[in-house]
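Working through the structure, step by step
So the chains spell out like this:
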Protein chains: 2
Amino acid sequence: MKSIFYTLFLAFFSSLTISAQTDSTFIRKIYDEALNNGESYENLRYLCKEIGNRITGSAEAEMAVYWGKQVLTKYNFDTVYLQPIEVPHWERGTKEAAWVLNTSGEYFKINILALGGSVGTNGMMDAELLVLETLDELKKMSRAEVEGKVVYLGEAFNAANIRTFDSYSQCGAQRWNGPKEAQKLGAAGLVIRSLASEVDDHPHTGSFGYDDAFKKIPAAAISTADCNQIEAWSKQGQLSIKMEMDCRWYDNDTSYNVIGEMTGKTDKIISFGGHLDSWDVGEGAHDDGAGIVHSIEALRILKELGYKPEHTLRCVLFMNEENGNFGGKTYAAMAKANNENHVAALESDRGGFLPLGFDVRGTKKQVEFVQKIAKPLQKDFQLYTFKEGYSGVDIGPLRDFYPDMVQLGLSINSQEYFKYHHTAADVFEAVNQRELELGCAAMGAMIYLLDQHLK
Amino acid sequence: MKSIFYTLFLAFFSSLTISAQTDSTFIRKIYDEALNNGESYENLRYLCKEIGNRITGSAEAEMAVYWGKQVLTKYNFDTVYLQPIEVPHWERGTKEAAWVLNTSGEYFKINILALGGSVGTNGMMDAELLVLETLDELKKMSRAEVEGKVVYLGEAFNAANIRTFDSYSQCGAQRWNGPKEAQKLGAAGLVIRSLASEVDDHPHTGSFGYDDAFKKIPAAAISTADCNQIEAWSKQGQLSIKMEMDCRWYDNDTSYNVIGEMTGKTDKIISFGGHLDSWDVGEGAHDDGAGIVHSIEALRILKELGYKPEHTLRCVLFMNEENGNFGGKTYAAMAKANNENHVAALESDRGGFLPLGFDVRGTKKQVEFVQKIAKPLQKDFQLYTFKEGYSGVDIGPLRDFYPDMVQLGLSINSQEYFKYHHTAADVFEAVNQRELELGCAAMGAMIYLLDQHLK
């Protein structure tokens, strides 16, 4: 008995070792291609500089769809197509300015960006500024205290969090739910401290939801440097704000998810992607041009290396992540309607910085499975972390229809992400070529490992 | 028996668990202080902006010594003192220019920096440019082929290496040994492709050694963008170069290592530091202003938290790492002469980017020991890698006298390091505050862990 077990043990052990060696050899080729002959950086340059920022419904978003299809077609993948989706269409307009009147009677121009989806001010508005620190303070106030005023919510990032995404989650509610709460109490408008890790002059826009039962009010974010000034003045007395924004809503449009795939030997599908739309300032370089080129490049490399996948490997350039996620929702609904067999999905939507590993959304067993197959990445490719965590907004809805699938989010050094996120500073020059290319290789390697080992 | 073993096992297991929990709680305080009340960023700003680059022997190096002592004194450490060292004194001078004559008969101005320690050209020199790819090619040539020419060595960074330090090691010999080999063959001068990961206009200086048996020749680095141009032209025919540099050597000076310490309960010493000198361009922000403020801040935080160390914790701001390492050599020799009891040393000299862990220089047992005590850092503080590796140039000589000590080098995201290393681009603005502060916390945490667990 002992010798049989021993033999079986040895056989098992050798097969694992051989598989890890084979994986490591192939993954080294992926890294070589990404770092020696990479096309992601030039693709990102094109998307950022020749197209620019690309909010859903804009001319630039349409150009980005055209570009995406063209690139996937140029790489000669087995199937390339557009998936139509109905999308919201909001525009910032051309007027956007605000001044705070301080206790010395001076107007101080502040840097603002309307939050995405805000209504305009209908000319210049002028109101008392009710300076609060947190959303919870607002929730405790009476209508009489708030009515007719512009509410300011100033919760700052908690610098002590090592993961900046934790800070974003913690004070994000002032953006996501601040306008709703201010509506309920009859406020004239809402302004927030930008959800940002740094003190600088760039306001950070982003999405939120109105409460349809109440009158919609203008909502904007203020740069953190200006917020520090406002908070200091507010200790000296009452402030007021003049603000003009002419953002507006249009009828829904048709836009597209852009899809390219390598056909597998079975009907099982591994999807991976980022989002093609961005906010309407800067160039959407880190958010999420990086994820787009990570995903395209991962598939290009596998094809370039002559890889023949078991699963169908489907690269999806999602539209409308930023303000509605109708790309992700439609992709999931169509997958189900077409009776597709989805087993795994990966997303890159945390910037083009140094990749550190993958967060795994799934069962304990699925997390352990990923940790097992990822061993070559830990050993030879300086990826470190494979833990239970969040995957991504775009691929999220797929799990509603395929609860047994495993999802992975590319984990990236997040320290600088919220310096650029949703701002005019998120431009091509903020992305380092090597770090971007390492992200492409990490995506390609994990897609390969899932394709090889997911049965 | 079984129950005794079980009890012992439980006791052992709980003591480990309790220790890890205690460590984690204290380390969290270190991170809170670094991220909420950190002083490293302002200290780095001062060193970069109010002093600037600070090559050994310069007025700026003297100001940096004064500043270092002042800061350590302000933090009220138990002992603060200067350790005198004899240092070389080389200056770039004021003239530094070069033009390459291409095959169309046009002079093209190229960006150069004399390598540190080079002799000048004694007026304008004009010579044939012998364009080679590697040092090995040069070694195979005859005196007749090389004599009177300026040798160009163009080995580029291997982009496929994930660790950029591996690329630096691989093509570093063209800088370290290129001048020697060119001297032997009677070359008039030597120019090299900058040891750089990026293609841009910044030449990268750095040290090298002459062969004293031969005539000393001028040596310089060329920016990678200009190198690409030169290499393309050289395929069309013979090039020549005009070059002027008036760098010069002075008599040795006296300078200082700057030392501050918290006295421990035993005579055992843990040293840690970076180097106060820098090359004479840019501001020495990543190399090694970051290491200086990492080390000072680590000690400040431990003192601020009221920590009472077992070992004497000694922060050393080493002088002259860049061109001679006389700070490190003198520190080690004095330690031995004074019969000091050194058990561990840490160095930060890889920039102010995201910390990833520590490289451990020591026995297999010492590496395993560090891996064991580092578990809280892996679990709760997003540090990932604790492997056998290199520690640092400054603390290196200590090991000659204390072969049993363990040494650690702070491991840092290296992807952008060789964009800035030894260039005019290495300025304060290239350092991110959060990443710098995380490096301080990592240093503080590892010093604490060694102090607690090293018996």
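Residues numbered from 1 in each chain as written. Chains lettered and ligands numbered in written order. Predicted model: local features only at pLDDT ≥ 70, side-chain atom pairs only at ≥ 80, totals over all residues.

1. Some thoughts on the overall build of chain A
In terms of regular secondary structure, chain A is built from 16 helices and 16 strands. Against the compact-globule benchmark of 23 Å for 455 residues, chain A has a radius of gyration of 24 Å, which places it among compact chains. Sorting the 455 residues of chain A into buried and exposed places 55% on the buried side. The long-range fraction of contacts in chain A, counting pairs at least 24 apart against all pairs at least 6 apart in sequence, stands at 82%. (Helix = DSSP H or I, 4+ residues; strand = E, 2+ residues; numbered from the N terminus. Rg over C-alpha atoms; globule rule 2.2 N^0.38 Å. Buried ≥ 20, exposed ≤ 12 C-beta atoms within 10 Å, placed from the backbone. Contact = placed C-beta atoms within 7 Å.)

2. Description of the domain arrangement of chain A
One frequent convention defines the size of an interface as the accessible area lost when the parts assemble. Residue and element names in this part refer to chain A. Looking at chain A, the domain boundaries give domain 1 (23–88 + 251–453) and domain 2 (93–246). Computed over C-alpha atoms only, the centres of domain 1 and domain 2 are separated by 33 Å. Taken residue by residue, the interface counts 14 residues in domain 1 and 18 residues in domain 2. In terms of residue class, the side of domain 1 that touches domain 2 is built from six nonpolar, six polar and two charged. (Domains from an automatic or database assignment. Nonpolar A, V, L, I, M, F, W, Y, C, P; charged D, E, K, R; others polar.)

3. Considering the pairing of strand β3 (residues 107–110) of chain A
Residue and element names in this part refer to chain A. Pairing geometry for strand β2 (residues 96–101) and β3, over four bridges, is antiparallel. The residue bridging L101 from the neighbouring strand is Y107, located in β3. Linking two consecutive strands that pair antiparallel, namely β2 and β3, is a turn of five residues; a positive phi of about 80° is found at G105 within it. (Pairing = 2+ DSSP bridges.)

4. Brief notes about the interface of chain A and chain B
Between chain A and chain B, the contact holds 20 residues from the first and 20 residues from the second. Looking at the side of chain A that touches chain B, the elements with two or more residues in it are α1 (2–36) and α16 (433–453) of chain A. Looking at the side of chain A that touches chain B, the element that brings in the most residues is α1(A), giving four residues. Classifying every residue of the side of chain A that touches chain B gives nine nonpolar, seven polar and four charged.

5. Notes on the sheet that holds strand β12 (residues 312–318) of chain B
Residue and element names in this part refer to chain B. With respect to topology, eight strands assemble into an open sheet ordered β1-β10-β12-β11-β13-β16-β14-β15, the strand pairing being mixed. What marks the edges here is a single partner per strand, and that holds for β1 (79–91) and β15 (385–388). With strand direction ignored, the average angle separating the axes of adjacent strands in the sheet is 20°. Here helix α3 (residues 59–74) sits on the sheet in contact with β1, β10 (248–262) and β12, set at roughly 5° to β10. Against the sheet, helix α12 (residues 364–373) contacts β14 (355–361), β15 and β16 (406–412), and its axis sits at roughly 150° relative to β14. (Axes fitted to C-alpha atoms, helices over the stretch in contact; angles between N-to-C directions.)

6. Overview of helix α11 (residues 326–337) of chain A
Residue and element names in this part refer to chain A. Between its first and last C-alpha, α11 extends 16 Å over 12 residues, near the 16 Å set by a 1.5 Å rise per residue. Among all positions of α11, only F326, G327, G328, T330, Y331, A332 and A335 are buried. In this structure, the buried residues of α11 make contact with β1 (79–91), β10 (248–262), β11 (268–275), β12 (312–318), β13 (341–347) and α14 (398–401). Just downstream of α11, N339 is the residue with a positive phi angle, here 60°. (Expected span 1.5 Å × (residues − 1).)

7. Examining the relation of the copies chain A and chain B
Turning chain A through 180° and shifting it by 0.0 Å along the axis lays it on chain B, with an RMSD of 0.0 Å. Considering both components of the superposition, the chain copies are consistent with a two-fold axis. No C-alpha of chain A approaches the rotation axis more nearly than that of Y384(A), which lies at 3.1 Å. Mapped onto chain B, 100% of the interface residues of chain A are again interface residues, and the two copies thus contact each other with one and the same surface. (Least-squares fit on C-alpha atoms with pLDDT ≥ 70 in both.)

8. Quick word on unusual backbone geometry
Residue and element names in this part refer to chain A. D287 connects to D288 through a cis peptide bond whose omega is 0°. As for its position among the elements, D288 is in helix α10 (residues 285–304). Of note in the backbone geometry, Q382 takes a positive phi value of approximately 50° without being a glycine. Tracing the backbone shows Q382 in the loop between α13 (375–380) and β15 (385–388). Given 21 C-beta atoms within 10 Å, Q382 falls into the buried group.

9. Considering the environment of L276(A)
All names here are of chain A. Secondary-structure assignment places L276 in the loop between β11 and α10. Judged by C-beta crowding, with 31 C-beta atoms within 10 Å, L276 ranks as buried. Once you skip the residues sitting within four places of it in the chain, L276 turns out to touch R54, A64, V65, G68, V258, I292, L317, F318 and M319.

10. What to know about the pairing of β11(A)
Residues and elements named next belong to chain A. Along β11, seven of the eight residues are buried, which leaves the element largely enclosed by surrounding structure. Judged from the six bridges that link them, β11 and β13 form a sheet pairing that is parallel. Following the sheet pairing, G273 is matched in β13 by E347. A crossover connection joins β11 to the parallel β12 through α10; in handedness this β-α-β unit is right-handed. (Right-handed = clockwise from strand over helix to strand, strands pointing away.)

11. Quick word on the packing of helix α2 (residues 40–51) of chain B against helix α10 (residues 285–304) of chain B
All names here are of chain B. For the pair α2 and α10, the least separation of the axes is 9 Å and the interaxial angle reads 135°. As the angle between them shows, α2 and α10 are arranged oblique. Remark: the crossing between α2 and α10 carries right-handed chirality. Here α2 contributes S40, N43, L44, L47 and C48 to the contact with α10, which in turn contributes A285, G289, A290, I292, V293, H294, I296 and E297. Among the residues making up the contact of α2 with α10, the classes are represented as eight nonpolar, four polar and one charged. (Parallel < 35°, antiparallel > 145°, perpendicular 65-115°, else oblique. Left-handed = near helix turned anticlockwise from the far one by under 90°.)

12. Quick word on the sheet that holds β10(A)
Residues and elements named next belong to chain A. What the eight strands build is an open sheet, ordered β1-β10-β12-β11-β13-β16-β14-β15; its pairing is mixed. Edge strands, defined here as strands with exactly one partner in the open sheet, are β1 and β15. Between one strand axis and the next, the sheet turns by 20° as a mean value, whatever way the strands run. Across six bridges, the pairing between strand β14 (residues 355–361) and strand β16 (residues 406–412) is antiparallel. Across the sheet, F358 pairs through a bridge with L410, a residue of β16. Of the strands in this sheet, β10, β11, β12, β13 and β16 touch α10, which is tilted by about 140° from β11.

13. Observations regarding the confidence of the model for chain A
When pLDDT is averaged across chain A, the result is 96; 96% of the residues are at 70 or more. As scored by the predictor, the complex reaches a pTM of 0.94 and an ipTM of 0.92. (pLDDT = per-residue confidence, 0-100.)

14. Comments concerning the environment of P355(A)
All names here are of chain A. When you line up the elements, P355 lands in strand β14. It is 9.4 Å that separates the C-alpha atoms of P355 and M443, two residues lying 88 residues apart in sequence. Residues contacting P355, with those up to four places away along its chain left out, are L383, L410, S411, I412, L438, G439 and A442.

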